[in-house]
Number of protein chains: 2
Amino acid sequence: MSLDTPAATKPHERLATHLAEDMDAVNVLIRERMASEHAPRIPEVTAHLVEAGGKRLRPMLTLATARLCGYTGPYHVHLAATVEFIHTATLLHDDVVDESNQRRGRPTANLLWDNQSSVLVGDYLFARSFQLMVETGSLRVLDILANAAATIAEGEVLQLSAAQDLATDEDIYLKVVRGKTAALFSAATEVGGVIAGADEAQVRALFTYGDALGIAFQIVDDLLDYGGDSTKTGKNIGDDFRERKLTLPVIKAVAKADLEERAFWSRVIEKGDQRDGDLEHALALLDRHGAMAATRADAVAYAAQAKAALEAVAPHPLTDMLRDLADYVVARVT
Amino acid sequence: MSLDTPAATKPHERLATHLAEDMDAVNVLIRERMASEHAPRIPEVTAHLVEAGGKRLRPMLTLATARLCGYTGPYHVHLAATVEFIHTATLLHDDVVDESNQRRGRPTANLLWDNQSSVLVGDYLFARSFQLMVETGSLRVLDILANAAATIAEGEVLQLSAAQDLATDEDIYLKVVRGKTAALFSAATEVGGVIAGADEAQVRALFTYGDALGIAFQIVDDLLDYGGDSTKTGKNIGDDFRERKLTLPVIKAVAKADLEERAFWSRVIEKGDQRDGDLEHALALLDRHGAMAATRADAVAYAAQAKAALEAVAPHPLTDMLRDLADYVVARVT
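So, a few notes on the structure that sits alongside this text. What you see is a predicted model; the values in this text were computed from it and never measured. (Residues numbered from 1 in each chain as written. Chains lettered and ligands numbered in written order. Predicted model: local features only at pLDDT ≥ 70, side-chain atom pairs only at ≥ 80, totals over all residues. Heavy atoms only, no water.)

## As for the overall build of chain A
Alright, step 1. Check the secondary structure of chain A and you find 17 helices and 2 strands.
Alright, step 2. Relative to the 2.2 N^0.38 estimate, which gives 20 Å for 334 residues, the radius of gyration of chain A is 20 Å and therefore close to what a compact globule would have.
Alright, step 3. Principal-axis analysis of the C-alpha atoms gives chain A an extent of 60 × 50 × 35 Å.
Alright, step 4. The buried share of chain A, taken over its 334 residues, is 58%.
Alright, step 5. Surface accessibility of chain A: about 13,000 Å² in total, with carbon and sulfur atoms responsible for 49%. (Helix = DSSP H or I, 4+ residues; strand = E, 2+ residues; numbered from the N terminus. Rg over C-alpha atoms; globule rule 2.2 N^0.38 Å. Buried < 20%, exposed > 50% of the residue type's maximum accessible area, 1.4 Å probe, protein only. Areas by Shrake-Rupley, 256 points an atom, 1.4 Å probe, with all protein chains shown as cover.)

Right, dumping it as structure tokens:
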């Protein structure tokens, strides 16, 4: 931990402070590249999301990993903007797919404008992200990010078919989570190492860190949906339940369900026949089978795996912050 | 014209015959890359479109331009598959945006499955297309195709805001058309030259050919919407009118409208208040101002520009076929 920041500060805030200059450059580049000479709708929709005060966690991971590997060139900024554009594009498309009306505590773009704008501006940001990565001139970086983009889309499609299907097991859940969350985290950390010319062992370790951190992050998100404080998380308890999503707590409870419980899950998740008191009953079942505790234990194990990966990474104040970040991600539920 | 095909054969059929072996390789690669280990929905949705019997015009342009520049390597096949994937992805997203229920004479994917699948499978194909182009190892090709993807999305967003707005003029129309159609045509022909290592003058000529051919193609498409034979075109007369799209014939008629006519266009296009007999009245106005003839003349001029560009391209049987293709595109309306 560096001496000039108090221990009480959250790790992502310490990362933001340490990387402030780089992050300013990323924000300038994002504003520059989200512009459109001909279609003012594009920066309007994009600004609504990127200026909504997200934590910029993913671009910070790219900046941090590049810097801790000693990078001094300009392209980590391009890659951080790339990662944020891909993330923003997937949020725009997700909100259309989920028919959401709230994101980061504000109305979604598909509600403020329309689904058409969300689909097409998302496509524009995907294209812009590819332009940015092409500018780095690194074919390896392009390969990593193109693969991540395919994994993300595949995970989202898999989630569509896995939703509402009680046969979804932990293996399928993990594939969905790698797609929807961990693939971009691991690409963000891996390209940081690659652009810095780090050796293969470090690049591999940074990939593993991002992958495990992303999985822990998503498991915690899914856990909070059944037990979080909506004023802190911006999520309402039971959103996933109402949307009939099979997330890890439910998968664990279904695996231990007796016949009567299975009939309940089938009615509320598969058939979508939900009545007053069903959410409370679901929460009681999760509790009865220790599903919340077991899910929490999985998140903690992935955070531990993320931290362990950092053992192979060069010592650096940023490495310490990344380690603390892994703890912080699961601290919300422990 | 080559001696072994009868003069009566359509130019895209002669291209298909000449390029049959390459095209087989493209189809194998497309089927291989549209697969998904985890999400069977992806190849289902993709197959519905790519096996619906489209003409494969865009990938043929890439194969033809690479071959006529003497290319003997394997990557024109990757680039042709890339172009077809980008095209298929934009069709999937277009059908969501337009809320279409028919494409190539069959129900659209958003109707057979759902909007979610169309959005996400489209994203998957975009990502797959980038993986394919990364495999070519050519940063210049990546640059061209990333720029094309951005132009396509920008054109689609511009079309959203230009639709239903009588202030849309021919300049804006041209920007929309470059985005929705010509950008992928010109990228398809340009990368063919680039991958073959053709000199700059030829690459530039191939770009211009694709750009002008794409514009001619789209103008003809828009013209047929007001005067084509629906059994041949698969389009119903007046679809664009009912969807209140401002295409070139209407833009030309609006530019010459008197006050009463302007009030009519404002009611049917801007306000969307359409009544029995309005389409017939619109057709009469297009006729009165020579808008159909003037639009047809524009299409012919772009086809001529496409052919003129080929003067700078090496003589080759494929060059002749591309020249005939430009004539054929506008022959449907002349």
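## Description of empty space enclosed by the protein
Residues and elements named next belong to chain A.
Alright, step 1. With the rule as written, the count across this model stands at 5 cavities of 30 Å³ or more.
Alright, step 2. Put simply, the largest cavity is a space of about 130 Å³.
Alright, step 3. Along its surface, the largest cavity is lined by 13 residues, and Gln159, Tyr173, Val176, Leu246 and Thr247 are the ones closest to its centre.
Alright, step 4. Elements supplying a minimum of two residues to the lining of the largest cavity: α8 (139-162), α9 (170-195) and α10 (200-227).
Alright, step 5. Looking at which element gives the most residues to the lining of the largest cavity, the answer is α9, with 4 residues.
Alright, step 6. For the lining of the largest cavity, the residue count by class is 6 nonpolar, 4 polar and 3 charged. (1 Å grid on protein atoms, 1.4 Å probe; cavity = no way out; pocket = protein on both sides within 12 Å on 5 of 7 lines; lining within 4 Å. Points joined across faces, edges and corners; volume = space filled by probe spheres on them. Nonpolar A, V, L, I, M, F, W, Y, C, P; charged D, E, K, R; others polar.)

## Some details on the packing of aromatic side chains
Alright, step 1. Applying the stated criterion across every chain, the model contains 5 aromatic pairs over all chains.
Alright, step 2. Relative to Phe130 of chain B, the ring of Phe130 of chain A has its centre 3.2 Å away and its plane inclined at 5°; by these criteria the two rings are stacked. Separated into two different chains, Phe130 of chain A in helix α7 (residues 115-135) and Phe130 of chain B in helix α7 (residues 115-135) make up a pair that spans both.
Alright, step 3. We classify Phe130 of chain A as buried; its relative accessible area is 2%.
Alright, step 4. Relative to Trp265 of chain B, the ring of Phe264 of chain B lies with its centre 5.3 Å away and its plane at 65°, an arrangement referred to as edge-to-face. Here Phe264 of chain B and Trp265 of chain B have matching classes, each one buried.
Alright, step 5. Taking the ring centre of Phe217 of chain A as reference, the NZ or CZ of Arg332 of chain A above it sits at 6.0 Å. (Phe/Tyr/Trp six-rings, centres within 6.5 Å; stacked < 30°, edge-to-face > 60°. Lys NZ or Arg CZ within 6 Å of the ring centre and 35° of its normal.)

## Some remarks on the relation of the copies chain A and chain B
Alright, step 1. The transformation that overlays chain A on chain B combines an axial shift of 0.0 Å with a rotation of 180°, and the residual RMSD is 0.0 Å. As the rotation angle and translation indicate, the two copies are arranged about a two-fold axis.
Alright, step 2. The share of interface residues of chain A whose copies in chain B are also at the interface is 100%, consistent with both copies meeting through the same surface. (Least-squares fit on C-alpha atoms with pLDDT ≥ 70 in both. Contact = heavy atoms within 4.5 Å.)

## Focus on the interface of chain A and chain B
Alright, step 1. Counting from both sides, the interface comprises 39 residues of chain A and, opposite them, 39 residues of chain B.
Alright, step 2. Both faces considered, chain A and chain B share a buried interface measuring about 3,600 Å² in area, 77% of it formed by carbon and sulfur atoms.
Alright, step 3. Summed over the shared surface of chain A and chain B, the result is 0 salt bridges.
Alright, step 4. Our count for the contact surface shared by chain A and chain B stands at 6 residue pairs in polar contact (both at pLDDT 80 or more). (Buried area = accessible area lost by both parts, 1.4 Å probe. Salt bridge = Lys/Arg side-chain N within 4 Å of Asp/Glu carboxyl O. Polar contact = N/O pair within 3.5 Å; in protein donor to acceptor, adjacent residues only side chain to side chain.)

## What about the pattern of salt bridges?
Alright, step 1. Summed over all chains, the structure comprises 32 salt bridges over all chains.
Alright, step 2. Arg178 of chain A is the salt-bridge partner of Asp211 of chain A, the closest N and O atoms lying 2.8 Å from each other. Placement of Asp211 of chain A in helix α10 and of Arg178 of chain A in helix α9 is noted, with a sequence separation of 33 residues between them.
Alright, step 3. For Arg288 of chain B, the salt bridge identified is with Glu261 of chain B, shortest N-O distance 2.7 Å. Placement of Arg288 of chain B in helix α15 (residues 278-288) and of Glu261 of chain B in helix α14 (residues 259-270) is noted, with a sequence separation of 27 residues between them.
Alright, step 4. Judged by relative accessible area, Arg288 of chain B falls into the exposed class, the value being 54%.
Alright, step 5. Note on Glu261 of chain B: relative accessible area 5%, which makes it buried.
Alright, step 6. In this structure, a network of salt bridges that share partners links the residues Glu32, Arg33 and Glu135 of chain A.

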